[in-house]
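Coordinate analysis (summary)
Take a look at the letters that make up each chain.
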Amino acid sequence: MTSNRKKLLANGLFIAGSLVILGVLLDAPPETTKPLPHDQNHERFMAMDKKEAERFCEQCHAPGKQVPLPANHPPPNRCLFCHKRK
């Protein structure tokens, strides 16, 4: 195989792979996770670094607290990874 054919094949494979990735991303479902509420209770966390703010989540969202997480909630170790700030 000549050098030009190898380059053409590599470019074709790259374009095909890029189109597949683009198709998968465009077909992704919409985001359904609720954002972090922008209310009085959560206002102080809006300006904090994510890791710093996440340390306070379990003060209100642990079992037996004000607003416990539902039973089917994933492990609460990275709250602001899913619950984006508005």
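Anyway, here's the lowdown on the structure attached to this text. In this text, all values refer to a predicted model and were calculated from it rather than measured experimentally.

Conventions adopted
- Residues numbered from 1 in each chain as written.
- Predicted model: local features only at pLDDT ≥ 70, side-chain atom pairs only at ≥ 80, totals over all residues.
- Heavy atoms only, no water.
- Helix = DSSP H or I, 4+ residues; strand = E, 2+ residues; numbered from the N terminus.
- Rg over C-alpha atoms; globule rule 2.2 N^0.38 Å.
- Buried < 20%, exposed > 50% of the residue type's maximum accessible area, 1.4 Å probe, protein only.
- Areas by Shrake-Rupley, 256 points an atom, 1.4 Å probe, with all protein chains shown as cover.
- Lys, Arg positive; Asp, Glu negative; His and termini not counted.
- Charge placed at Lys NZ, Arg CZ, Asp CG, Glu CD.
- Expected span 1.5 Å × (residues − 1).
- Polar contact = N/O pair within 3.5 Å; in protein donor to acceptor, adjacent residues only side chain to side chain.
- Contact = heavy atoms within 4.5 Å.

**Quick notes on the overall build of the chain**
The helix and strand tally for the chain stands at 4 helices and 0 strands. The order of α-helices and β-strands along the chain, N terminus first, is α-α-α-α. Taking 12 Å as the expected radius of gyration for a compact globule of 86 residues, we find that the chain reaches 22 Å, considerably beyond that expectation. Taken along its principal axes, the extent of the C-alpha atoms in the chain is 70 × 30 × 20 Å. Among the 86 residues that make up the chain, the fraction classed as buried is 13%. For the chain, the accessible surface area stands at approximately 7,500 Å², while carbon and sulfur atoms represent 62% of it. Within the chain, the 8 negative side-chain charges are centred at a point lying 10 Å from the centre of the 13 positive side-chain charges.

**Remarks on helix H1 (residues 3-26)**
Between its first and last C-alpha atoms H1 spans 34 Å; for 24 residues at 1.5 Å apiece the expected length is 34 Å, and the two agree. The element H1 is largely exposed, with a buried count of 0 among its 24 residues.

**Let's talk about the environment of Asn11**
Turning to its location among the elements, Asn11 is positioned in helix H1. Spatially, the C-alpha atom of Asn11 lies 16 Å from that of Leu22, the residues being 11 residues apart in sequence.

**Quick notes on the side chain of Glu54**
Inspection of the secondary structure assignment puts Glu54 in helix H2 (residues 50-54). A residue is classified by how much of its surface remains accessible, and Glu54, at 10% relative accessible area, is buried. Side-chain polar atoms of Glu54 contact the backbone nitrogen of Leu80, separated by 2.9 Å. If sequence neighbours within four positions are ignored, Glu54 has contacts with Asn77, Arg78, Cys79, Leu80 and Phe81.

Spatial relationships are all this shows, so hold off on functional conclusions.
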